[in-house]
Amino acid sequence: MTPPLAGIRVLDLSRVLAGPWCTQLLADLGAEVIKIERPGTGDDTRHWGPPWHGDGDERVAAYFLSANRGKRSAAIDFSTPEGAALVRRLAEQSDVVVENFKVGGLKKFGLDADSLRAVNPRLIVASITGFGQDGPYAGRAGYDYIIQGMGGLMSITGLPDGEPGGGPMRVGVAVVDLFTGLYTAVAILAALFRRERAGEGAHIDMALFDTQLAALANQVSNALVSGKDPPRQGNTHPNIVPYQPFEAADKPLIVAVGNDRQFARLAELCGHPEWANDERFSTNSARVGNRAEMVRLVGECIRRKPADEWFSELEAAGIPAGPINTISQALADIQTQHRQTVRTIAGMPLVGSPIRIDGERADSELPPPGLGEHTSEILTSLSVDGEEQARLRSAGVIG
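Let us look at the structure shown here. Given the structure is predicted, the values throughout are model-derived calculations rather than measurements.

**A closer look at the environment of L111**
Phase 1 of the analysis: Residue position: L111 is located in the loop between β6 (96–99) and α4 (113–119).
Phase 2 of the analysis: The exposure class assigned to L111 is buried, which follows from its relative accessible area of 1%.
Phase 3 of the analysis: Along the chain, L111 and D43 lie 68 residues apart, while their C-alpha atoms are 18 Å from each other.
Phase 4 of the analysis: Discounting chain neighbours no more than four positions away, the residues touching L111 are F78, A84, V87, R88, L106 and L116.

**Thoughts on the packing of aromatic side chains**
Phase 1 of the analysis: Counting across every chain of the model gives five aromatic pairs.
Phase 2 of the analysis: Aromatic ring contacts, followed pair by pair, group F78, F101 and F109 into a single cluster.

**What to know about the sheet that holds strand β5 (residues 71–75)**
Phase 1 of the analysis: The sheet built from six strands is open, its strands ordered β5-β2-β1-β6-β7-β8 with parallel pairing. A strand with exactly one partner marks an edge of an open sheet, and here the two such strands are β5 and β8 (202–207). On average, adjacent strands in this sheet sit at an angle of 20 degrees to one another, irrespective of strand direction.
Phase 2 of the analysis: Judged from the six bridges that link them, strand β7 (residues 124–129) and β8 form a sheet pairing that is parallel. Residue pairing across strands places I124 opposite A202, the latter belonging to β8.
Phase 3 of the analysis: Contacts from helix α3 (residues 81–92) reach β1 (9–12), β2 (32–37) and β6 within the one sheet, and its direction differs from that of β1 by about 155 degrees.
Phase 4 of the analysis: Packed on one face of the sheet, helix α6 (residues 175–198) meets β6, β7 and β8 and runs near 165 degrees to β8.

**Structural notes on the environment of I327**
Phase 1 of the analysis: On the secondary structure map, I327 appears in helix α13 (residues 327–332).
Phase 2 of the analysis: In this structure, the C-alpha to C-alpha distance between I327 and P121, residues 206 residues apart in sequence, is 45 Å.

**So, the nonpolar core**
Phase 1 of the analysis: Of all hydrophobic cores here, the largest spans 32 residues; its most connected members are V10, L26, V96, V98 and I188.
Phase 2 of the analysis: If you list the elements that add at least two residues to this core, you get α1 (18–28), β6, β7, α6 and β8.
Phase 3 of the analysis: The greatest single-element share of this core, amounting to six residues, is contributed by α6.
Phase 4 of the analysis: Not counting the four nearest positions on each side in its chain, V96 is found in contact with I8, R9, V10, L11, L123, I124, I188 and L192.
Phase 5 of the analysis: Counting 28 residues, the second-largest nonpolar core is a separate cluster that includes L90, V97, V125 and V384.

**Structural notes on the side chain of R195**
Phase 1 of the analysis: For R195, the location among the structural elements is in helix α6.
Phase 2 of the analysis: On the basis of relative accessible area, R195 is assigned to the buried category, the value being 4%.
Phase 3 of the analysis: If sequence neighbours within four positions are ignored, R195 has contacts with I8, D95, R122, E200 and G201.

**Brief notes about the pairing of β1**
Phase 1 of the analysis: Of the two faces of β1, both are covered, the one formed by R9 and L11 as well as the one formed by V10 and D12.
Phase 2 of the analysis: As paired strands, β1 and β2 are joined by four bridges and run parallel to one another. By the bridge assignment for β2, L11 is matched with I34.
Phase 3 of the analysis: Assessed by its sense of winding, the connection that carries the chain from β1 through α1 to β2 is right-handed.
Phase 4 of the analysis: Sheet topology note: the β1/β6 ladder contains three bridges and is parallel. Residue pairing across strands places D12 opposite V98, the latter belonging to β6.

What counts and how
Residues numbered from 1 in each chain as written. Predicted model: local features only at pLDDT ≥ 70, side-chain atom pairs only at ≥ 80, totals over all residues. Heavy atoms only, no water. Helix = DSSP H or I, 4+ residues; strand = E, 2+ residues; numbered from the N terminus. Buried < 20%, exposed > 50% of the residue type's maximum accessible area, 1.4 Å probe, protein only. Contact = heavy atoms within 4.5 Å. Phe/Tyr/Trp six-rings, centres within 6.5 Å; stacked < 30°, edge-to-face > 60°. Pairing = 2+ DSSP bridges. Axes fitted to C-alpha atoms, helices over the stretch in contact; angles between N-to-C directions. Core = buried A, V, L, I, M, F, W, Y, C linked by side-chain atoms within 4.5 Å. Right-handed = clockwise from strand over helix to strand, strands pointing away.

Here is the structure:
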């Protein structure tokens, strides 16, 4: 299969997670991605360890590996006039630029969207910031943890107040960064499609804060419709019952009853078919209204048998259920093995792209790059000869 984005060049001026996550996805889809990094240090996440892959000067943090597959690295200091000129030349030959500097941060280098699009009108520039290109918070830096707090996500994550360990809780992975990276990739694909018809590029304005609010999904809709803030409720669901973990005889399992038909089958398995006709439980809305009693009754039932026995019976009855795995257990799962989700590229263990198109993986074969690994190759493509490269390297412009 010819990769869908073959022939598209992406200049990646971003670092940490939201931008790199976006450009890694574009690389998996076949785009050529050139990652510009500061000589000597590179992307901050190269140093966010342990754990580390490799040893000594060659070691790199596992964090960096997670978001930089499929890219080539050029170490260019664009805070220098000569470095900025090199990056501008690359932008002239690119289809997309992705950056996540503070608003106005690239203007002094002539690398802002207006400057770059003036010389390359077909260029698509995607700017990722904490709060967008305008508004009272536009000048603020944006960090996932802060946005999870400000955007309401932490208010619905964690155990309820009054319970042991209750209180707002950060999600265990930087979901705002990841969602923003995905939304940015979607916007870039839409802009590329529009360019094919209209011939013009675009400036895409993506904000972590906007993304966080959008990704609250049913919870923000609940708040808008009811006028009330959704409470934290641990592992239960605000709109569906029973939809939570239960303790089996040996370990917990998750039971996710999504409709009244599934509930009727669960009632049969529990030996209480009458629950399906009980006005307290016969509909989902009734079960939500009588959550405590419903959960108590189902919990008493589940506790009687081991989890594996329940998994077999629930699967046979068409009722979604599953274990609570550690990450290692999830990686070792037979489904993970069958789908070949875990890959090793150049000795680096990675989780590959989840995208399959016509039965083929949309996955780059290039490993995460070493810092400045491709600087010479990329500058040679700009007709910068070896002597000039040596001078720029000696001056600290490139690495």
